[in-house]
Every structure is written in C-alpha cells, then in structure tokens.
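# Structure at a glance
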Amino acid sequence: MTILVAYVSRPEGQAALEKGIEIATRRNERLVVVNAGAGGKDESIVDGYEGERVAERLSKLPVEAEFKHFVRGKSTIEEIEELVEQLQVSVLIIGLRKRSPVGKLLLGSMAQDILLNVSCPVLAVKAA
C-alpha cells in the first residue's frame, strides 16, 4: 500500500509532509508526495528548488519514497483522485489552513472536495 501526501509550499503542506513521513516510516509503507495543479498563476505549484528539496529529503528515508510534480492542465483534485486509484492508497494526507467563513464561501474548499471525492481514508492535519 501507499501513503499519499498532497503537498504545497506552505505551513499546512509541511505539516502534511511531516505526518506522511511519520506514518509511512511507522507502517513501513511506500510514500508518494504530490504537488499538482493546472498551471498558470496557481500558487500551490512549487518551484524547482522546493521540489528538489522535498525529493532530497525523501531520498534519505528508510522507506521507498518519491516526489511527483504535475502541471499538465488538470486540477489538483483530478490529479489526486487519479493517483489514489492508480497507487492503491491506504491513506491520503492533506494539510488544512484556517480560513474565514467568507474566504470559504468565495474560494471554495479544496479540502472539502478531496474529502467528498476520493475513495480512501483522508487524514487532515493543521500546521502548528
């Protein structure tokens, strides 16, 4: 089985990564960390340096781990749903951030869409 972490270069993404490393190491499961988005002005897409930093960290783990970075026109949710099905994910880990009620209304909630649409358990963590 595989632990899948949805990663963004913000505190909530770092919290999800830390929890994913902890769980994958404890369970001795494969860890896949994904950063995905449609492209353009999508602020969730990490730059090359950040991607290399995450991949380097994963290479030092005692379990099989890899970083996947997708910018190919699909939404983040579509990419995550596809990976959940392809990789036989045992748990998907996402990071949450605090948002105002108006912010939730205007921007929607990617976390809510993921929770409602993926076919595996989801662990939501918040940044410290």
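Conventions used here
- Residues numbered from 1 in each chain as written.
- Predicted model: local features only at pLDDT ≥ 70, side-chain atom pairs only at ≥ 80, totals over all residues.
- Heavy atoms only, no water.
- Helix = DSSP H or I, 4+ residues; strand = E, 2+ residues; numbered from the N terminus.
- Expected span 1.5 Å × (residues − 1).
- Buried < 20%, exposed > 50% of the residue type's maximum accessible area, 1.4 Å probe, protein only.
- Arc of directions from axis to C-beta.
- Contact = heavy atoms within 4.5 Å.
- Axes fitted to C-alpha atoms, helices over the stretch in contact; angles between N-to-C directions.
- Parallel < 35°, antiparallel > 145°, perpendicular 65-115°, else oblique.
- Left-handed = near helix turned anticlockwise from the far one by under 90°.
- Nonpolar A, V, L, I, M, F, W, Y, C, P; charged D, E, K, R; others polar.

### Comments concerning helix H3 (residues 76-87)
For H3, with 12 residues, the first-to-last C-alpha span of 16 Å sits near the 16 Å given by 1.5 Å per residue. Those residues of H3 not exposed but buried are Thr76, Ile77, Glu79, Ile80, Leu83, Val84 and Leu87. An end-on view of H3 places all buried positions within 160° of arc, on one side of the element. Away from its buried face by more than 90 degrees, H3 exposes Glu85 and Gln86. Of the surrounding elements, those touching the buried residues of H3 are strand S1 (2-6), strand S2 (30-37), strand S3 (65-71), strand S4 (89-96) and helix H5 (110-117). Among the residues trailing H3, Gln88 stands out with phi positive, at a value near 50°.

### As for the packing of helix H1 (residues 11-27) against helix H2 (residues 48-59)
It is the contact of H1 with H2, at a shortest axis distance of 12 Å, that shows an interaxial angle of 15°. When the axis of H1 is compared with that of H2, the two are roughly parallel. The chirality of how H1 crosses H2 is right-handed. Contact with H1, carried on its side by Gln14, Leu17, Glu18 and Ile21, involves Arg53, Arg57 and Leu58 of H2 and no other residues of that element. Per-class residue counts for the contact of H1 with H2 are three nonpolar, one polar and three charged.

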